[in-house]
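Structural overview
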2 protein chains.
Amino acid sequence: MELTNRKKKILRAIVEIYIATAEPVGSKAVAQQANLDISTATIRNEMADLTELGYLEQPHTSAGRVPSPVGYRLYVNELMGEHQLTMQETQRINEALNLKMEELDRVIDRAGKVLSQISDYPVFTMAAPKKRITVRRFDLLMVEENAFIAVVMTDNSIVKNKLIRMPDQLSDTQLQLLSTVLNSSFVGLTLEEMEQSLDQMETRSAPGAFQLISLVVQFAMEVLKEQSGQTVHTAGITHLLEHPEYHSLDKAKPLMNYLSDGQEGAKLPVTLSADQNMNILIGPENVNEALKDTSVVMASYDIGDNMRGVIGVVGPTRMDYAKVTARLSYFADSLTRMFGKGELPPGEDEE
Amino acid sequence: MELTNRKKKILRAIVEIYIATAEPVGSKAVAQQANLDISTATIRNEMADLTELGYLEQPHTSAGRVPSPVGYRLYVNELMGEHQLTMQETQRINEALNLKMEELDRVIDRAGKVLSQISDYPVFTMAAPKKRITVRRFDLLMVEENAFIAVVMTDNSIVKNKLIRMPDQLSDTQLQLLSTVLNSSFVGLTLEEMEQSLDQMETRSAPGAFQLISLVVQFAMEVLKEQSGQTVHTAGITHLLEHPEYHSLDKAKPLMNYLSDGQEGAKLPVTLSADQNMNILIGPENVNEALKDTSVVMASYDIGDNMRGVIGVVGPTRMDYAKVTARLSYFADSLTRMFGKGELPPGEDEE
DNA sequence: TTTAGCACTCCATATCCCTGAGTGCTAAAG
DNA sequence: CTTTAGCACTCAGGGATATGGAGTGCTAAA
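Residues numbered from 1 in each chain as written. Chains lettered and ligands numbered in written order. Predicted model: local features only at pLDDT ≥ 70, side-chain atom pairs only at ≥ 80, totals over all residues. Heavy atoms only, no water.

Our next topic: the packing of helix α8 (residues 191-204) of chain A against helix α9 (residues 207-228) of chain A. Residues and elements named next belong to chain A. Taken N-terminus to C-terminus, the directions of α8 and α9 make an angle of 170°; their axes are 10 Å apart at the nearest point. Relative to α9, the element α8 lies roughly antiparallel. Each of Leu191, Met194, Glu195, Leu198, Met201 and Glu202 in α8 lies in contact with α9, whose residues at this interface are Phe210, Ile213, Ser214, Val217, Gln218, Ala220, Met221, Leu224 and Lys225. (Axes fitted to C-alpha atoms, helices over the stretch in contact; angles between N-to-C directions. Helix = DSSP H or I, 4+ residues; strand = E, 2+ residues; numbered from the N terminus. Parallel < 35°, antiparallel > 145°, perpendicular 65-115°, else oblique. Contact = heavy atoms within 4.5 Å.)

Near DNA strand D lie 21 residues; those nearest to it are Arg6, Thr42, His60 and Ser62 of chain A together with Ser27 of chain B. Here the atoms of DNA strand D within 4 Å of the protein split so that 80% fall in sugar or phosphate, with bases taking the remainder. Ser39 of chain A places a polar main-chain atom, nitrogen or oxygen, 3.0 Å from a phosphate oxygen of DNA strand D. Interatomic distance of 2.9 Å between a side-chain N/O atom of Ser27 of chain B and a phosphate oxygen of DNA strand D. If you list the elements that add at least two residues to the surface near DNA strand D, you get α3 (40-53) of chain A together with α3 (40-53) of chain B. Sort the elements by how many residues they give to the surface near DNA strand D and α3 of chain A lands first, with 4 residues. By residue class, the composition of the surface near DNA strand D is 5 nonpolar, 12 polar and 4 charged. (Near = heavy atom within 4 Å. Polar contact = N/O pair within 3.5 Å; in protein donor to acceptor, adjacent residues only side chain to side chain. Nonpolar A, V, L, I, M, F, W, Y, C, P; charged D, E, K, R; others polar.)

Right, let's get into the sheet that holds strand β10 (residues 307-316) of chain A. Residues and elements named next belong to chain A. Pairing is antiparallel across the open sheet formed by 5 strands, whose spatial order is β7-β3-β10-β9-β8. Of all strands in the sheet, those bounded by a partner on one side alone are β7 (232-235) and β8 (278-281). Within the sheet, the average angular offset between the axes of one strand and its neighbour, ignoring direction, is 20°. Of the strand pairs in this sheet, strand β3 (residues 123-129) and β10 are connected by 7 bridges, and their pairing is antiparallel. Bridge pairing links Ala128 to Arg308 in β10. Contacts between helix α6 (residues 104-119) and the sheet are confined to β3, β7, β9 (294-303) and β10, with β3 contributing the most and set at about 150° to the helix. (Pairing = 2+ DSSP bridges.)

Here we come to the protein's contact with DNA strand C. Neighbouring DNA strand C are 20 residues, the closest being Ser27 of chain A together with Thr42, His60, Thr61 and Ser62 of chain B. Backbone sugar and phosphate groups make up 78% of those atoms of DNA strand C lying within 4 Å of the protein. One of the side-chain N or O atoms of Thr61 of chain B is found 3.0 Å from a phosphate oxygen in DNA strand C. Between a base oxygen of DNA strand C and a side-chain N or O atom of Ser62 of chain B, the distance comes to 3.0 Å. Listing elements by their share of the surface near DNA strand C, those giving two or more residues are α3 of chain A together with α3 of chain B. If you tally residues by element for the surface near DNA strand C, the top one is α3 of chain B, at 4 residues.

Residue and element names in this part refer to chain B. Its boundaries defined by the atoms lining it, the second largest pocket holds a volume of some 710 Å³. For the lining of the second largest pocket, the elements supplying multiple residues, two or more each, are β2 (66-67), α4 (69-79) and α10 (249-261). Of all the elements, α10 adds the most residues to the lining of the second largest pocket, at 4 residues. Its residues assigned to classes, the lining of the second largest pocket shows 16 nonpolar, 5 polar and 9 charged. Counting only domains with at least three residues in the lining of the second largest pocket, you end up with domain 1 (5-79) and domain 2 (87-129 + 230-350). (1 Å grid on protein atoms, 1.4 Å probe; cavity = no way out; pocket = protein on both sides within 12 Å on 5 of 7 lines; lining within 4 Å. Points joined across faces, edges and corners; volume = space filled by probe spheres on them. Domains from an automatic or database assignment.)

This part covers the pattern of salt bridges. On inspection of all chains with the given rule, the structure shows 30 salt bridges over all chains. The salt bridge involving Glu192 of chain A is made with Arg132 of chain A; its shortest N-O contact spans 2.8 Å. With Glu192 of chain A in helix α8 and Arg132 of chain A in the loop between β3 and β4 (135-144), the pair connects residues that are 60 residues apart, well separated along the chain. Linking Lys7 of chain B and Asp49 of chain B is a salt bridge whose minimum nitrogen-to-oxygen distance equals 3.3 Å. One end of the pair, Lys7 of chain B, is in helix α1 (residues 5-21); the other, Asp49 of chain B, is in helix α3, and 42 residues separate them in sequence. Classification of Lys7 of chain B as buried rests on a relative accessible area of 5%. (Salt bridge = Lys/Arg side-chain N within 4 Å of Asp/Glu carboxyl O. Buried < 20%, exposed > 50% of the residue type's maximum accessible area, 1.4 Å probe, protein only.)

Let us look at the side chain of Thr90 of chain A. Residues and elements named next belong to chain A. With respect to the helices, strands and loops of the structure, Thr90 is situated in helix α5 (residues 87-97). Owing to a relative accessible area of 18%, Thr90 belongs among the buried residues under this scheme. In this structure Thr90 touches Leu85 and Tyr330, once residues within four positions along its chain are discounted.

Before going further, it helps to examine the pairing of β9 of chain A. All names here are of chain A. Within β9, 10 of the 10 residues are buried, leaving the element largely enclosed by the surrounding structure. Bridge count for β9 against β10 is 10 bridges, and the pairing is antiparallel. In the sheet register, Val297 faces β10, and the bridge partner there is Val313.

Time to look at the sheet that holds strand β10 (residues 307-316) of chain B. Residues and elements named next belong to chain B. Strands sit in the order β7-β3-β10-β9-β8 across an open sheet of 5 strands; the sheet is antiparallel. At either margin of the open sheet sits one strand with a lone partner, and together these are β7 (232-235) and β8 (278-281). Looking at each pair of strands side by side, their axes are set apart by 20° on average, direction ignored. Of the strands in this sheet, β8, β9 (294-303) and β10 touch helix α11 (residues 321-338), which is tilted by about 20° from β9.

Okay, here's the thing in structure tokens:
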């Protein structure tokens, strides 16, 4: 049995009706929506075929049909129309992203929240460097006789600082010297190399001086670690409750817990390979057990040349794929544009 | 009719049973728990009195009793025993807070998450300066000929930085000059004063120079604005679903939405006056409509001398007040201790 | 003042029935 | 061979109706 054109039209109609109503779709509803001039009986026959082929499922004998994951997959790959964003929608996205320049992390966080609001689904975000990052330079600023500010700039143009207090007093010249040592010995090193270098230095330096160096380098290492860590953030988890498939707490709780915990580790399916920039995982296509009944739509975006981020939407398999993909891709493009291409991201700033 | 000692004992028993079971409490259960040697009939009489006095409520004629807000209030004020934290609990709190020094915001965020985990309720956090803050000093670091880093340190020892790119090239001496102007004209000013000062300067400066100054001052103003804003964060909203009063989505959704939105504005009941450091609001004692059926337990803590934070737990009126207050106060004390007393908070660092 | 006893109330749960949407099959029509 | 009308059948969902049991309030005796 082959998949005729008419069968595809019927499948498409069923998916779209089901997305809109969240209830099993009967032959009558299909007859109305898809204006093929065809009787419900014929449609019933076709639906029986589609069920046999695995594109549809039947909750129980006398109910309508529901798309199977395979059915959604076909819909997404072939049948789904291009959804156009309205003027209001694009405008809203633009406004939301067009914030005063903020810290990178915050912009991404904010972006997640906004996307969640306009899509009505939970959203996760992540950003990771494409390669190992290193420190580009150190600066030390004297504050008072026993405190100074260490400023660390990485080669992906992130700048972090920290106020450091010391037990002993320190002169300007000493600070100068410290700065020279740091810049000559620890610039361009990865996290591991830094650790080694610090170990070696311990044996052949004066203890007092070493302690100071160590404080700053330790801070730099924390910065590198934080930057290379793929921390996943989530936003809008409570949106789940708006969708009927999560009206029962038994369904909602596990997923919500999973998404909340997701903030801890990089458990989310960030399997996005570098070349493709939009990816859809439907139901059982998700490797992770907790996501077996959900779909994930994700897109990647670039942050300058050295970092790449992922932003994704999580929802029931009955997700409005057309809308979500349209919004998500617009979003990812905006982010890429926003973070520019240059070596110095324009909104880079930094704590 | 007066509130005899026996009535108090019965009330206490009812509150505690209800906290444990979430179901209306009958005379039989009270007889078992409170070992007064008294028959259920007598207890029934006393319960009738307590109901008349307004301490108890009856969902329907043939059901047990439930504490009223007034009943909880009496319990919290007079009857509640001191809850002792177990070793494991204190240890868990200590571990969780004992992190590598992080940015202030993050420590607070993290603290909220931890408290939420150990209390099983949502938690909100907030930190605000006690007085208007100003910039203590500016530093400028040349990066390349058309970019520099601006470092701003406020008088509450927060340090923020930002990478600024310029259209034109700039020499070291020019940068030096810029730094001098900034430090002589904009140090010690509040947000509003800064704005005025900047306006005045516009008229009597060379346009090129003014543009540069403006860039940096604008950044400083953003920092001040951000620091003085009372941003409220929430954590662990999904914990609500674990409590039977929120098993119905009709109850859960409004509150969850309220708490999520809470991140936007300072809508939460941060009515904590400066002198008291623990505050409990029960049900209708909350002014806010969305919290009418919930209780809020909150405590304040100090961040150095210049800032004060609030951390609070939100839950159903049937909240385990003894446990929550014990944990919360331990938590607030730990935070106060952790952020020290000195002018420079020890873990201050900063983006 | 306390307590045993008892009739009464009323929620929760289970059971049953019924309705209606939807199916699959058959047989006739195109 | 495909389409369609007709029809019997299935089954989830939603009332309506019983039933059990926990709990009360009251009375009368201790």
